[in-house]
Amino acid sequence: GGVTHDTREFEASEGYLARALALRREALGDNHEDTAATMTNLAITLRNLGRRDEAESLYRQALAINRRVLGDEHVEVAWSLFNLGWALHQQGR
């Protein structure tokens, strides 16, 4: 998913990242920082595909996981806030 995203093949990237997210959820559950990271990667791809509402939902889920698992002072929480803020900015919010 990361390779296809980096080469701007967002449609292909979405499929790979959606599958990766399903596998992470199955293996690690919804309360793991790696699951949150994969949600963020998929959200970035969805944002690049213009699917901002879906991206926003994933950003919010990843933020909630990171806050719960890592704590508000962790750098991943800051990145989650940045990504959500950027998505909202692009929507004019």
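What counts and how
- Residues numbered from 1 in each chain as written.
- Predicted model: local features only at pLDDT ≥ 70, side-chain atom pairs only at ≥ 80, totals over all residues.
- Heavy atoms only, no water.
- Phe/Tyr/Trp six-rings, centres within 6.5 Å; stacked < 30°, edge-to-face > 60°.
- Helix = DSSP H or I, 4+ residues; strand = E, 2+ residues; numbered from the N terminus.
- Buried < 20%, exposed > 50% of the residue type's maximum accessible area, 1.4 Å probe, protein only.
- Salt bridge = Lys/Arg side-chain N within 4 Å of Asp/Glu carboxyl O.
- Axes fitted to C-alpha atoms, helices over the stretch in contact; angles between N-to-C directions.
- Parallel < 35°, antiparallel > 145°, perpendicular 65-115°, else oblique.
- Left-handed = near helix turned anticlockwise from the far one by under 90°.
- Contact = heavy atoms within 4.5 Å.
- Nonpolar A, V, L, I, M, F, W, Y, C, P; charged D, E, K, R; others polar.

Caption draft 1: Structural view of the packing of aromatic side chains. This model, assessed by the stated rule, comprises one aromatic pair. A ring pair is formed by Trp-79 and Phe-82, whose centres lie 5.6 Å apart and whose planes are at 85 degrees; its orientation type is edge-to-face. On the criterion of helical spacing, the pair formed by Trp-79 and Phe-82 is a turn pair, its members being three residues apart in helix α5 (residues 75-90). Accessibility expressed as a relative area gives 47% for Trp-79, which makes it partly exposed. On the accessibility criterion, Phe-82 (48% relative accessible area) is partly exposed.

Caption draft 2: Region of the structure containing the pattern of salt bridges. Taken as a whole and assessed by the stated rule, the structure comprises seven salt bridges. Of the charged contacts in the structure, one is a salt bridge between Arg-93 and Glu-56, with a shortest N-O distance of 2.8 Å. One end of the pair, Arg-93, is in the segment after α5; the other, Glu-56, is in helix α4 (residues 52-70), with 37 residues separating them in the sequence. One connected set of salt bridges, linked through shared partners, spans Glu-14, Arg-51 and Glu-54.

Caption draft 3: Up close: the packing of helix α2 (residues 10-28) against helix α3 (residues 33-48). Relative to each other, α2 and α3 sit at 160 degrees, their axes nearing to 9 Å. On the basis of their axis angle, the class for α2 and α3 is roughly antiparallel. In the packing of α2 onto α3, the handedness of the crossing is left-handed. Here Phe-10, Ser-13, Glu-14, Leu-17, Ala-18, Ala-20, Leu-21, Arg-24, Arg-25 and Leu-28 of α2 come into contact with α3, specifically with Asp-34, Thr-35, Thr-38, Met-39, Asn-41, Leu-42, Thr-45, Leu-46 and Asn-48. Classifying every residue of the contact of α2 with α3 by side-chain character gives nine nonpolar, six polar and four charged.

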